[in-house]
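In case you want the letters, here they are:
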Amino acid sequence: WAYRGGRWHARELCVALPPAADVPPQFAHGGVYVIAGGAGGLGVEFSEYLVRRYAAQVVWIGRRPRDARIAAQEERLAAFGPRPWYVAADAADPARMREVRDEIRT
């Protein structure tokens with residue numbers, strides 16, 4: 001239970017059904033996807049889905065320098081498709097994000 005804004009909230013399980021067969025894919029095959037914080041746990045899992053299912057080129061943006069852990073994740077995902085590309089940048093810096101956008105387009 002959690003009390004927020006004068007109301008009590010409780011966890012509730014919901015049934016999640018897969019999309020109908022006639023629903024078009026949500027991502028483009030061979031597309032390029034930029035994920036801020038992508039080298040973290042959830043970002044890596046989502047990236048694996050994109051690489052495996054859509055042969056996507058994934059670009060991870062993160063504040064920390066590229067390290068051995070990031071390199072290992074890039075290597076692991078490269079076995080399934082395009083190798084993710086890590087760019088060290090602060091997503092809150094508009095000037096740096098313009099530079100990253102230009103790098104990605106190039």
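Going by the structure above, here's the rest.
Quick caveat: nothing in here was measured; it's all calculated off a predicted structure.

Here is what the cut-offs are and how they apply
Residues numbered from 1 in each chain as written. Predicted model: local features only at pLDDT ≥ 70, side-chain atom pairs only at ≥ 80, totals over all residues. Heavy atoms only, no water. Core = buried A, V, L, I, M, F, W, Y, C linked by side-chain atoms within 4.5 Å. Buried < 20%, exposed > 50% of the residue type's maximum accessible area, 1.4 Å probe, protein only. Helix = DSSP H or I, 4+ residues; strand = E, 2+ residues; numbered from the N terminus. Contact = heavy atoms within 4.5 Å. Pairing = 2+ DSSP bridges. Right-handed = clockwise from strand over helix to strand, strands pointing away. Phe/Tyr/Trp six-rings, centres within 6.5 Å; stacked < 30°, edge-to-face > 60°. Salt bridge = Lys/Arg side-chain N within 4 Å of Asp/Glu carboxyl O.

Attention now goes to the nonpolar core. Grouped together as the largest cluster of nonpolar side chains are 13 residues, with contacts concentrated most on Leu50, Ala56, Val58 and Trp60. Listing elements by their share of this core, those giving two or more residues are strand E3 (32-36), helix H1 (41-54), strand E4 (57-62) and helix H2 (68-78). Of all the elements, H1 adds the most residues to this core, at 4 residues. Leave out the neighbours within four places in its chain, and Leu50 touches Phe27, Tyr33, Ile35, Ala55, Ala56 and Val58.

Glancing now at the pairing of strand E5 (residues 85-88). Of the pairings in the sheet, the one linking E4 to E5 comprises 4 bridges and is parallel in character. Looking at E5, one finds that Val59 is bridged to Trp85. The β-α-β motif built from E4, the intervening H2 and the parallel element E5 has right-handed crossover chirality.

Between two aromatic rings, the relevant description is the distance of the centres plus the angle of the planes. Across all of its chains, the model carries 8 aromatic pairs by this definition. Judged by centre distance (6.4 Å) and plane angle (75°), the rings of Phe27 and Tyr49 are edge-to-face. Placement of Phe27 in the loop between strand E2 (7-9) and E3 and of Tyr49 in helix H1 is noted, with a sequence separation of 22 residues between them. Residue classification places Phe27 among the partly exposed residues on the basis of a relative accessible area of 25%. Relative to Tyr54, the ring of Phe27 has its centre 5.6 Å away and its plane inclined at 65°; by these criteria the two rings are edge-to-face.

Before going further, it helps to examine unusual backbone geometry. Unusually for a residue other than glycine, Ala55 sits at a positive phi of about 50°. Relative to the helices and strands, Ala55 resides in the loop between H1 and E4. A residue is classified by how much of its surface remains accessible, and Ala55, at 30% relative accessible area, is partly exposed.

For the structure shown, the criterion picks out 8 salt bridges. For Glu99, the salt bridge goes to Arg96, with nearest N and O atoms at 3.2 Å. Residue Glu99 and its partner Arg96 are located together in helix H3 (residues 94-105), separated by 3 residues, close to a single helical turn. Residue classification places Glu99 among the partly exposed positions, given a relative accessible area of 44%. Arg96 is paired through a salt bridge with Glu103; the nearest N and O atoms lie 3.1 Å apart. The structure contains a network of salt bridges with shared partners spanning Glu48, Arg52 and Arg76.

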